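# Topology and contacts: notes
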Amino acid sequence: MTLDQPVTGSLSAFDHVRRGDTAPDWVNSGVCAAWGLAPSTTALSLIAVSENVTFMVSVNQDPTLVVRLGRPGYAESIEHVRSELLWVEALRHDAGVPTPSPRHGADGDLVQFVVDDSGASWTVVAFEFVIGTMLEDQADVASAFAEIGALTARLHEHARAWQRPAEFQRFSWTLDDMTGGTARWGDWRDAPLAQQDFDTLERAEVAARAVLSGLTRTPQHWGLIHADLRPSNVMTHGGETTIIDFDDCGDGYFLYDFGSALTFYEHRPEAHEMAANWLDGYRSVAALSSDDLETAAALSLMRRLTMLGWATTHRADALPADLWSENQPGTVEVAARYLADPLWLVG
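So, here's what we can say about the structure. Residue numbers here run from 1 along each chain, matching the order of that chain's written sequence. Where totals are concerned, whole chains, interfaces and linings use all residues; where local detail is concerned, this predicted model gives features only for residues with pLDDT of at least 70, and gives and counts side-chain atom pairs only at 80 or more. Working from all heavy atoms in the structure, the side-chain values ignore hydrogens and water.

### Observations concerning the overall build of the chain
By the criteria applied, helices consist of DSSP H or I runs no shorter than four residues and strands consist of E runs no shorter than two, each listed in order from the N terminus. When you go through the chain residue by residue, the secondary structure sums to nine helices and 12 strands. The globule rule used for comparison is 2.2 Å times the number of residues to the exponent 0.38, while the radius of gyration itself is calculated over C-alpha atoms. What you see for the chain is a C-alpha radius of gyration of 20 Å, in line with the 20 Å of a compact globule of 347 residues. By its C-alpha atoms, the chain is 60 × 45 × 40 Å across when sized along the principal axes. The contact criterion used is simple: two residues touch if any of their non-hydrogen atoms lie within 4.5 Å. If you take every contact in the chain between residues at least 6 apart in sequence, the share linking residues at least 24 apart comes to 72%.

The following block contains the structure:
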């Protein structure tokens, strides 16, 4: 089943909306209709524009839901969108993974639609609002990484055992989906790089791909992953951790989730502690071999290149200003370190 209307909408509809701003009228009215909310007591404010567009929904000034409008063309079908939520529901039910509960619309479906001012249809999904602070906004990021690693191992265990519904459909994260001309989020080669930096990145990618070339797509290495469990997708409150945003989940190498966890931080001094804590947490649930560490390091390099490509196709306010400005020089630094010692981050 494909999307019901031709997807002609564009993220440019939100060019003038910044974090904290009120949602456009068509978003507000569409969401109220889809979830049976009263427009007079409901307000939506922007959280972020990234792969998708996310708003906080307040009813009588109390945060109640988080809704996400799907970026036009990102989802391949309605089943693609619904499948993400089916996995989230299964993780909550089967494995007790702390993640917000998806909210069914007034018609009982998980996936709803709103129509923008141009007549284009957007998919919309909703989740319960979770009180907390994004890890990305906290001073001490590294201390949470042991729990993130353990939670990731639980996700992987669930993915290996879960019987997917017949209609389940998600995309894959192959190496070519990460980097290159067909990369899902953009090609790092489109960044404004000096020739010396370009050469460093290219050599590092070749080296990482060589390490990963023999990796097989068996249940040991390949399956359903979160694919973006970085500090912006981890919430903490009162000592409790909640993981959010499964909108990029799909089939990939399990240890790509290690690289994703360190996104935008690999060049920073705390990266070694973050990596060590993540690995310790993962090992508390599942074993990791020396080959796994080599794989994790190579996938971390591939992830960093992926996110340099991501920056060529996304708004600067999708990240804190410091992480945005450090992204390109930090990527070159990480690539140089990888070339000098492929295990520098996990050793």
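Still more to cover.
### With respect to the pattern of salt bridges
Each salt bridge in this description consists of a side-chain nitrogen of Lys or Arg and a carboxyl oxygen of Asp or Glu lying within 4 Å of one another. Applying the stated criterion across every chain, the model contains 19 salt bridges. Arg68 is paired through a salt bridge with Glu84; the nearest N and O atoms lie 2.6 Å apart. In this pair, Arg68 sits in strand β3 (residues 62-69) while Glu84 sits in helix α2 (residues 78-95), placing the two residues 16 residues apart along the sequence. Looking at Arg68, the relative accessible area reads 9%, which means it is buried. Arg189 serves as the salt-bridge partner of Asp187, at 3.2 Å between the closest nitrogen and oxygen. Remark: exposure states derive from per-residue accessible area (1.4 Å probe, protein chains only) relative to the maximum for the residue type, with buried under 20%, exposed over 50%, and partly exposed in between.

### Here we look at unusual backbone geometry
For Ala227, which is not a glycine, the phi torsion comes out positive at approximately 75°. Turning to its location among the elements, Ala227 is positioned in the loop between β9 (222-225) and β10 (234-237). Overall, the relative accessible area of 0% leaves Ala227 in the buried class. The backbone of Phe264 sits at a positive phi, close to 75°, despite the residue not being glycine. Take Phe264: it is sitting in the loop between α6 (256-261) and α7 (271-283).

### Overview of the nonpolar core
Side-chain atoms within 4.5 Å are what join buried Ala, Val, Leu, Ile, Met, Phe, Trp, Tyr and Cys residues into a set we call a nonpolar core. Formed by 79 residues in total, the largest nonpolar core has its most connected members in Trp87, Phe145, Phe258 and Trp278. For this core, the leading source of residues is helix α8 (residues 290-311), giving 12 residues. Each residue touching Phe258, except ones within four places of it in the same chain, is listed here: Ala275, Trp278, Leu279, Ala296, Ser300, Leu345 and Val346. If you look at the next biggest cluster of nonpolar residues, it comprises 24 residues, including Phe14, Trp35, Val67 and Val114.

### Observations regarding the sheet that holds strand β8 (residues 172-173)
The strands that make up a sheet pair up through hydrogen bonds in the backbone, lying either parallel or antiparallel. A strand pair is defined by DSSP finding two or more bridges across the two strands. Spatially, β8-β12-β9 is the arrangement adopted by the three strands of the open sheet, whose pairing is mixed. Of all strands in the sheet, those bounded by a partner on one side alone are β8 and β9. Where β9 meets strand β12 (residues 250-253), four bridges bridge the pair, whose relative direction is antiparallel. In the sheet register, Leu224 faces β12, and the bridge partner there is Asp251.

### Thoughts on the side chain of His156
For His156, the location among the structural elements is in helix α3 (residues 145-161). In this view, His156 contacts Ile225, Phe254, Asp257 and Tyr282; residues no more than four positions away in its chain are not counted.

### Looking at the sheet that holds β10
Here three strands make up an open sheet; going across it, the order is β7-β10-β11 and the pairing antiparallel. Edge positions in the open sheet fall to β7 (133-134) and β11 (240-243), since each of these has one partner strand only. When β10 meets β11, the two strands line up antiparallel, connected through four bridges. Looking across to β11, one finds that Thr236 is bridged to Thr241.

Read these as geometric descriptors, not functional statements.
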